[in-house]
Every structure is written in C-alpha cells, then in structure tokens.
Amino acid sequence: MASITIDGIVKQFGGNTVLQNLSLHIPDGAFYTLLGPSGCGKTTLLRCIAGFYDPDQGKLLFDKDDVTRVSTHHRDIGMVFQDYALFPDKSAFDNVAYGLRARKVAKPEITRRVNEALDKVGLAALADRYPAQMSGGQRQRVALARALVIRPRVLLMDEPLSNLDAKMRLQMRDVILDLVREAGITTVFVTHDQEEALAMSDRIAIMDRGRIAQLGTPEELYGTPVNAYVADFIGSANVVPVSTQPAGSGDAAHVRYQLAGRTLDGVTDGSPIGPEGVLIARPEDLSLMAPAPHVPNAVLGQVLRRQYLGFKTAYRIQLENGPEIRVELHAGNTVADFHAGDNVQVLVPVDCRVVAA
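Residues numbered from 1 in each chain as written. Predicted model: local features only at pLDDT ≥ 70, side-chain atom pairs only at ≥ 80, totals over all residues. Heavy atoms only, no water.

> How should the overall build of the protein be read in this particular structure?
Broken down by element type, the protein carries eight helices and 20 strands. If one aligns the C-alpha atoms of the protein with their principal axes, the spans along those axes are about 80 × 45 × 35 Å. A total of 357 residues make up the protein; the buried ones form 47% of that total. Summarising the internal contacts of the protein: among those between residues at least 6 apart in sequence, 66% fall at separations of at least 24. Of the roughly 16,500 Å² of accessible surface on the protein, a fraction of 50% belongs to carbon and sulfur atoms. Taking the average location of the 37 positive side-chain charges in the protein and that of its 41 negative ones, the two points are 6 Å from each other. (Helix = DSSP H or I, 4+ residues; strand = E, 2+ residues; numbered from the N terminus. Buried < 20%, exposed > 50% of the residue type's maximum accessible area, 1.4 Å probe, protein only. Contact = heavy atoms within 4.5 Å. Areas by Shrake-Rupley, 256 points an atom, 1.4 Å probe, with all protein chains shown as cover. Lys, Arg positive; Asp, Glu negative; His and termini not counted. Charge placed at Lys NZ, Arg CZ, Asp CG, Glu CD.)

> What am I meant to see in helix 5 (residues 166-183) here?
The α-helix winds at 3.6 residues per turn, so residues separated by three or four positions along the chain end up facing the same way. Between the first and last C-alpha of helix 5 there are 26 Å, a value that for 18 residues agrees with the 26 Å anticipated at 1.5 Å per step. Of all the positions in helix 5, only Met172, Arg173, Val175, Ile176, Leu177, Leu179 and Val180 are classed as buried. Buried residues in helix 5 make contact with strand 3 (31-35), helix 3 (107-120), helix 4 (136-149), strand 7 (154-158), strand 8 (186-191) and helix 6 (194-200). At the N-terminal end of helix 5, a side-chain oxygen is found 3.2 Å from the backbone nitrogen of Lys167, two or three residues along, and the residue is Asp165. (Expected span 1.5 Å × (residues − 1). Polar contact = N/O pair within 3.5 Å; in protein donor to acceptor, adjacent residues only side chain to side chain.)

> It is not clear to me how the sheet that holds strand 6 (residues 77-80) should be interpreted in this structure. Could you clarify?
Whether parallel or antiparallel, the strands of a sheet pair through hydrogen bonds between backbone atoms. Strands sit in the order 6-7-8-3-9-10 across an open sheet of six strands; the sheet is mixed. A strand with exactly one partner marks an edge of an open sheet, and here the two such strands are strand 6 and strand 10 (211-216). The mean inter-strand angle of the sheet, taken between neighbouring strand axes irrespective of direction, is 20 degrees. Along the sheet, helix 1 (residues 42-50) contacts strand 3, strand 6, strand 7, strand 8 and strand 9 (203-208); its crossing angle with strand 7, the most-contacted strand, is approximately 150 degrees. (Pairing = 2+ DSSP bridges. Axes fitted to C-alpha atoms, helices over the stretch in contact; angles between N-to-C directions.)

> What is the right way to look at the nonpolar core in this model?
Inside soluble globular proteins, nonpolar side chains tend to come together where they are buried. Val96, Val114, Leu144, Leu155 and Ile176 are the most contacted members of the largest nonpolar core, which has 39 residues in total. Taken together, the elements giving at least two residues each to this core come down to helix 2 (92-102), helix 3, helix 4, strand 7 and helix 5. A total of seven residues in this core trace back to one element, the largest contributor, which is helix 4. The contacts of Leu155, once residues within four sequence positions are left out, are Gly78, Met79, Val80, Ala147, Leu148, Val180, Ile185, Thr186, Thr187 and Val188. Ala2, Leu45, Leu46 and Cys48 belong to the second-largest nonpolar core, a separate cluster that totals 28 residues. (Core = buried A, V, L, I, M, F, W, Y, C linked by side-chain atoms within 4.5 Å.)

> Looking at this structure, how should I read helix 4?
Look at helix 4: 20 Å from first C-alpha to last across 14 residues, which is about the 20 Å you get at 1.5 Å a residue. Taking burial as the measure, the 14 residues of helix 4 include twelve buried ones, the bulk of the element. All of the buried residues along helix 4 are Gly136, Gly137, Gln140, Arg141, Val142, Ala143, Leu144, Ala145, Arg146, Ala147, Leu148 and Val149. Packed against the buried residues of helix 4 are strand 6, helix 2, helix 3, strand 7 and helix 5. Arg151, located one to two residues past helix 4, shows a positive phi value of around 55 degrees.

> Please clarify how the pairing of strand 11 (residues 238-245) should be interpreted in this entry.
Each regular strand carries side chains that alternate between the two faces of the sheet. The two faces of strand 11 differ: Asn238, Val240, Val242 and Thr244 on one face are buried, but Val239, Pro241, Ser243 and Gln245 on the other face are not. Strand direction decides the pairing type here: strand 11 and strand 14 (residues 276-281), joined by six bridges, are antiparallel. Its bridge partner lying in strand 14, Val240 is registered against Leu279.

> How should I be thinking about the sheet that holds strand 1 (residues 4-13) in this particular structure?
Spatially, the four strands line up as an open sheet ordered 2-1-4-5, and their pairing is antiparallel. On the outer flanks of this sheet lie strand 2 (16-26) and strand 5 (65-66), each paired with one strand and no other. Taken together, the five bridges between strand 1 and strand 4 (residues 57-62) define a ladder with antiparallel strand orientation. Pairing of Ile6 across the sheet is with Leu60, part of strand 4. Across the sheet, helix 1 is in contact with strand 1, strand 2 and strand 4; its angle to strand 1 comes to roughly 115 degrees.

> I would appreciate a short explanation of the pairing of strand 1 in the present structure.
Bridge count for strand 1 against strand 2 is seven bridges, and the pairing is antiparallel. Across the sheet, residue Phe13 finds its bridge partner in strand 2, namely Asn16. From the end of strand 1 to the start of strand 2, which pair antiparallel, there are two residues, and Gly14 there has a positive phi angle of about 55 degrees.

> What's the story with the packing of helix 2 against helix 4 in this structure? I'm lost.
In a pair of packed helices, the angle between the axes and the distance between the axes together describe the arrangement. One way to put it is that helix 2 packs onto helix 4 with a least axis distance of 8 Å and a crossing angle of 25 degrees. Here helix 4 runs roughly parallel to helix 2, going by the angle between their axes. For the crossing formed where helix 2 meets helix 4, the hand is right-handed. Contact with helix 2, carried on its side by Ala92, Asn95, Val96 and Leu100, involves Val142, Ala145, Arg146 and Val149 of helix 4 and no other residues of that element. Each residue belonging to the contact of helix 2 with helix 4 can be placed in one class, and the counts come to six nonpolar, one polar and one charged. (Parallel < 35°, antiparallel > 145°, perpendicular 65-115°, else oblique. Left-handed = near helix turned anticlockwise from the far one by under 90°. Nonpolar A, V, L, I, M, F, W, Y, C, P; charged D, E, K, R; others polar.)

> What am I meant to see in the environment of Ile26 here?
Along the polypeptide, Ile26 turns up in strand 2. Accessibility expressed as a relative area gives 1% for Ile26, which makes it buried. Sequence separation between Ile26 and Gly39 is 13 residues; the distance between their C-alpha atoms is 22 Å. In contact with Ile26, not counting residues within four places along its chain, are Ser3, Ile4, Tyr32, Thr186 and Val188.

Below, the structure written as structure tokens:
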C-alpha cells in the first residue's frame, strides 16, 4: 500500500495542455475520486499515475519512491478498466491468475489466492467460465478480482461501472467498497457520475480543464461549493446571477443581494465578491408558501410546473421579474401543495451561499 503524491504534473498532447501544473496528495489507504465531465483531464491524470503516459513536467511519488519514469509493469498497480479488458480465451480463473503467473508466484499459492479472490467477489462457482459466458456484472467482478489478487500498492479504476445497468451499478459499488476497505488499498476512482462519487469516496477532486476546481469530502463539496461550476456539477443547484451590496453588519461572511426585486441575506466564504455574484441554492433547501403575508428572505413567483415523484414533489417556479428556479418539497413536508398557475413565495434560507461571478 502507498500514498500518492502528484507534484506539478503537466501533460500536453499536440500543443494542447490537458493537465495544468496539477498537484494532489492521496493518503495511504484512501479512496479518492477524480470527478468531472468528458475532457476535463481525469482519465489523463489516472493514466499518468498508471504509467501509460509520461508527464511533460512534474513528479509522481508512491510513498517516497519517485515513479515518474518507472514503467507501468514495475509500478505495482492494479487496474480496472471500463471495458473490463479480460482475455476472451481464458477462463475466469486464468484471467485472475494472469498477474500472479507473470510475477512467478508458486502454483499452489496461485491456486489459493485466485480461489480466495473469486470467492470474495462471489464467483467461486464460475471459475471455469469464459468472459463470453458471463454477464457484464460478472465480468467486472473478474476484472476486480484480477486487480486485487496481486495485492497492489495502488488500485486504479477508470469508469468501471459505466457499462452496467443501474441495479448492477449499485451492487458493484458495495462490492468494490467492501473489498478495497478490507484490503486497505489506496484507490483512485475515475467517474463522471456524481452520485457514484458522493456514495463511494473519502474525498473527491472535481476537475475542470486540467485543474482541480475543488478538493474535499462529499459533504464539503455538496454543502460548501467554492464556485458555480462545482455547485452545478455536484448535485442539483439553482445557480442564479445576483447583484450584491455591502452587508453593513461587519461580518465578512454575511452578504446582501438583490433577487427578483427584493433584498435578501446570504453567506459567503469571506472572500471578496464584488457587485455581481452568483447565488447557489439547492432545490431541496428552498420552501414554498402562500403569496401573503410577506415573510423575510422570500421572493414572489408563479408555479410553472409541478411533478409528483413519490418521495418528493418538484416545482419549476418563474420568479417575478426574475429567473426560473427549481424547488423540491420532500415527502412529509407540511407546507401546502401548489399547482401550475399558483402564485407563491419562495423562501430562500439565509445560509444559502453567494460566490463570485
């Protein structure tokens, strides 16, 4: 097992800088996720860690060992690919045994470790089956067993669940987490699926154009995004341009802003915002109520659409002299129900964040 230190990595392809002086430290045994849209650099970073790409600048350390120019097969990594990358002419047993045989492990030890690995992923009874005889979820379990059986210092996973159906993805999340936690292996997981990232990670690095936009725990990224990009990518958020004004309270974290013709109170991280900011308001944090009497920190609007979804009811609201926003009222909420065409007040909590535009 090993910590990973990425120090000032730069990677270019044909003059296009994909990784821009990127630095990151991943502690030993941690489960880190690289999250972001296609083209943000997350897979390129993973491939630099794996040794498939050599960085143009910077260093890469496993613990204190400089592996920047070390070949992939000498880095002692396990890799799980999106497309499984199993040998079609080998059984599940032989696929899992491949790395051990390449390392000249004794045959009895190979048999013991492969059977143990297949048992842990629930495939002991399918050791003799070939990939073509297996479902996608079973093939992914074989790929996971193959990566773990060599007991790598680092486990790298590149969109490993994207080819599975929704139910199987949920099952495989638990399988992966149980196995890597038991083994204590430092894991770097690449995905564009924010729900996977939130559910599985110790910490998440949200990437944007070759840089890390924000690094934090799932709770930190969801609750205190540093900018509109992060807020919009993690979960669902109303990202609304607003005009700001001095709060006048002497509290650097307090801000007053104009929305739909009314002055509301919010919070910041204490950084200067300027006259133009962006309100970040999660739909589930907002409330609806009758248009009168007026309540503090509320704006007027009209319901455009109501969707009943069982555990929640989702609303689209056109604010008076303002933008359209989304509100979600969850089951058990005691406020009155509203329908399309109804006039309402939208209550915006005073702890909703305003960030620099």
